[in-house]
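Reading the structure
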Amino acid sequence: MDEICFESGLSVMRDQRLETLALVVMGMAAMCILYIFNPSTSVLYMPCPFHELTGLECPGCGSLRAIHHLLHGHVATAFVLNPLMILVSPFLGYSFLSYLLVTSRRRLLPPIFVPAIGIWIFLGVVLLFWVIRNTPAYPF
Amino acid sequence: MFGVGLPELIIILIILAIPAAIIIGIILIVRLSADKSGKDLRHVFCTTCGTKNSGSASHCFRCGNILLRPQHNGKGISVGGVVPNYLAQAILATVFCCVPFGIPAIVFAAQVNSKLEGGDYAGAVEASKRAKLWCWISFGVGLGIVVVYLVFGLIGVLMEGRY
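Cut-off values and rules
Residues numbered from 1 in each chain as written. Chains lettered and ligands numbered in written order. Predicted model: local features only at pLDDT ≥ 70, side-chain atom pairs only at ≥ 80, totals over all residues. Heavy atoms only, no water. Helix = DSSP H or I, 4+ residues; strand = E, 2+ residues; numbered from the N terminus. Buried < 20%, exposed > 50% of the residue type's maximum accessible area, 1.4 Å probe, protein only. Contact = heavy atoms within 4.5 Å. Areas by Shrake-Rupley, 256 points an atom, 1.4 Å probe, with all protein chains shown as cover. pLDDT = per-residue confidence, 0-100. Axes fitted to C-alpha atoms, helices over the stretch in contact; angles between N-to-C directions. Parallel < 35°, antiparallel > 145°, perpendicular 65-115°, else oblique. Left-handed = near helix turned anticlockwise from the far one by under 90°. Nonpolar A, V, L, I, M, F, W, Y, C, P; charged D, E, K, R; others polar. Polar contact = N/O pair within 3.5 Å; in protein donor to acceptor, adjacent residues only side chain to side chain. Phe/Tyr/Trp six-rings, centres within 6.5 Å; stacked < 30°, edge-to-face > 60°. Patch = residues over 30% accessible without salt bridge, like charges linked within 9 Å, V, L, I, M, F, W, Y side chains within 5 Å. Salt bridge = Lys/Arg side-chain N within 4 Å of Asp/Glu carboxyl O. Core = buried A, V, L, I, M, F, W, Y, C linked by side-chain atoms within 4.5 Å.

1. Structural notes on the overall build of chain B
Each helix and strand in chain B was counted, giving 4 helices and 4 strands. Ordering the α and β elements of chain B from the N terminus gives α-β-β-β-β-α-α-α. Taken over 163 residues, chain B has a buried fraction of 37%. Pairs at least 24 residues apart make up 38% of the contacts formed inside chain B by residues separated by at least 6 positions. Just so you have it, chain B exposes about 9,300 Å², and 71% of that area is on carbon and sulfur atoms.

And the structure:
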């Protein structure tokens, strides 16, 4: 399969517009469902398997609820539910946008090259977040 | 108990399943026909202005810039010495798949950029492959759990009439 590069977004030969369209349609369907049904009251969403097994929260716990509230404009509530998700969402959004533009319009956005030390720090933050949110010291 | 009954569940399944099935079907058909005719190799897109050029052109006819050629390296196509680190996918896997397999993906994403900064191109390509592999493992396990959950949920609904 082709190596589409999120960071550089250089051209590949094969036309990927159909896959991109499929991705966008599915993403929008997921957003609609997330907008309509609240994950904390609806049974449609599965509980986090890690949380079910251990009773502890994983770094991703609360992200669906956070997106539900984000879509309704409740940024503060979303941040309390999963601060990590909210903090990385601009990066994810930019990556997705640059992927969209490369595959659909063959346009390049300025690439984000995160220095390696930045990714290691991010990894540390994720692991630290995982531990701290399961201790009484966690503020939310 | 959760305020969600059978009708709601069926509506959601229909909403999800019909477009997904149509889209996957179209993709498969287009993929198969494209593979046979090889028509997708007839064009190359300019990375500077986005113009579609003929496959044999060396320079873009609109802006005159050199057209970058993807290089076939057996399995896939890598472009112009850039190694993807799959950081965005690794974050998605960590946050949404809720399976700790996203963590190794982030580790290998960091290794890609470490090795690129150190000039170790071959090592970076190797780490890139592993990052991609762990993203797929995480995605696959997450998807598997979701499918199992949906199947059991549906059985529960059908047995009791109400979950």
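2. Considerations on the confidence of the model for chain A
For chain A, the average pLDDT comes to 79, and 84% of its residues sit at 70 or higher. The element-level mean pLDDT for chain A is lowest in helix α2 (residues 49-54) of chain A, coming to 82, with helix α3 (residues 63-71) of chain A highest at 89.

3. Brief notes about the confidence of the model for chain B
Residues and elements named next belong to chain B. Scored by pLDDT, chain B has a mean of 72; 58% of the residues are at 70 or more. When mean pLDDT is compared element by element in chain B, helix α3 (residues 102-117) scores highest at 87, while strand β4 (residues 77-78) scores lowest at 40. Of the regions scoring below 50 in pLDDT, residues 71-81 engages in 18 contacts with residues more than four places distant in sequence or in other chains. Among the prediction metrics, the complex's ipTM stands at 0.72, with pTM recorded as 0.63.

4. A short note on the environment of Phe37(A)
All names here are of chain A. Relative to the assigned elements, Phe37 resides in the loop between α1 (17-36) and α2. Taking relative accessible area as the criterion, Phe37 reaches 15% and is therefore assigned buried. Each C-alpha atom of the pair Phe37 and His68 lies 8.0 Å from the other, and the pair is 31 residues apart in sequence.

5. Quick notes on the side chain of Ser128(B)
Residue and element names in this part refer to chain B. Position of Ser128 relative to the elements: it lies in helix α4 (residues 121-160). For Ser128, a relative accessible area of 6% translates into the label buried. In contact with Ser128, not counting residues within four places along its chain, are Val83, Pro84, Tyr86 and Val112.

6. With respect to the packing of α3(B) against α4(B)
All names here are of chain B. Relative to each other, α3 and α4 sit at 165°, their axes nearing to 8 Å. On the basis of the axis angle, α3 is roughly antiparallel to α4. Between α3 and α4 lies a crossing whose hand is left-handed. Only Tyr121, Gly123, Ala124, Ala127, Ser128, Arg130, Ala131, Trp134, Cys135 and Ser138 of α4 make contact with α3, whose side of the interface consists of Gly102, Pro104, Ala105, Phe108, Ala109, Gln111, Val112, Lys115 and Leu116. Of the residues that constitute the contact of α3 with α4, the class distribution is 12 nonpolar, 5 polar and 2 charged.

7. Observations regarding α3(A)
Within α3(A) the residues assigned to the buried category are Ser63(A), Ala66(A), Ile67(A), His68(A) and His69(A). Just beyond α3(A), the residue with positive phi is Gly73(A), at close to 90°.

8. Re the side chain of Asn82(A)
Residue and element names in this part refer to chain A. By secondary structure assignment, the location of Asn82 is in the loop between α4 (75-81) and α5 (83-105). In this structure the side chain of Asn82 is engaged in a polar contact, spanning 3.2 Å, whose partner is the backbone oxygen of Pro59. A distance of 3.2 Å separates a polar side-chain atom of Asn82 from the backbone nitrogen of Leu84. Setting aside residues up to four positions removed in sequence, Asn82 forms contacts with Pro59, Gly60, Cys61, Gly62, Ser63, Ala66, Phe129 and Arg133.

9. Here's the deal with the packing of aromatic side chains
All names here are of chain A. Going through the model one piece at a time under the given rule, you end up with 4 aromatic pairs over all chains. Considering the side-chain rings of Phe50 and Trp130, the 5.4 Å spacing of their centres and the 70° angle between planes classify their relative orientation as edge-to-face. With Phe50 in helix α2 and Trp130 in helix α6 (residues 116-132), this pair connects stretches of sequence that are 80 residues apart.

10. Some details on a nonpolar patch on the surface
There is a patch of nonpolar side chains on the surface, built from Trp136(B), Phe139(B), Leu143(B), Val147(B), Val148(B), Val151(B), Phe152(B), Ile155(B) and Met159(B) and spanning about 960 Å² of accessible area. Within the secondary structure layout, Phe152(B) lies in helix α4.

11. Re unusual backbone geometry
Of note in this structure, Tyr86(B) is not a glycine but carries a positive phi near 55°. Accessibility expressed as a relative area gives 8% for Tyr86(B), which makes it buried.

12. A word on the nonpolar core
Counting 39 residues, the largest nonpolar core has Phe91(A), Phe122(A), Leu87(B) and Ile91(B) as its most contacted members. Listed by contribution, the elements that provide at least two residues to this core are α1, α3, α5 and α6 of chain A together with α2 (87-96), α3 and α4 of chain B.

13. So, the packing of α6(A) against α3(B)
Relative to each other, α6(A) and α3(B) sit at 160°, their axes nearing to 8 Å. Taken together, α6(A) and α3(B) sit at an angle that is classed as roughly antiparallel. Considering how the two elements wind past one another, α6(A) and α3(B) form a crossing that is left-handed. Facing Ala116(A), Ile119(A), Trp120(A), Phe122(A), Leu123(A), Val126(A), Leu127(A) and Trp130(A) of α6(A), the residues of α3(B) in contact are Ile103(B), Ile106(B), Val107(B), Ala109(B), Ala110(B), Gln111(B), Asn113(B), Ser114(B) and Glu117(B).

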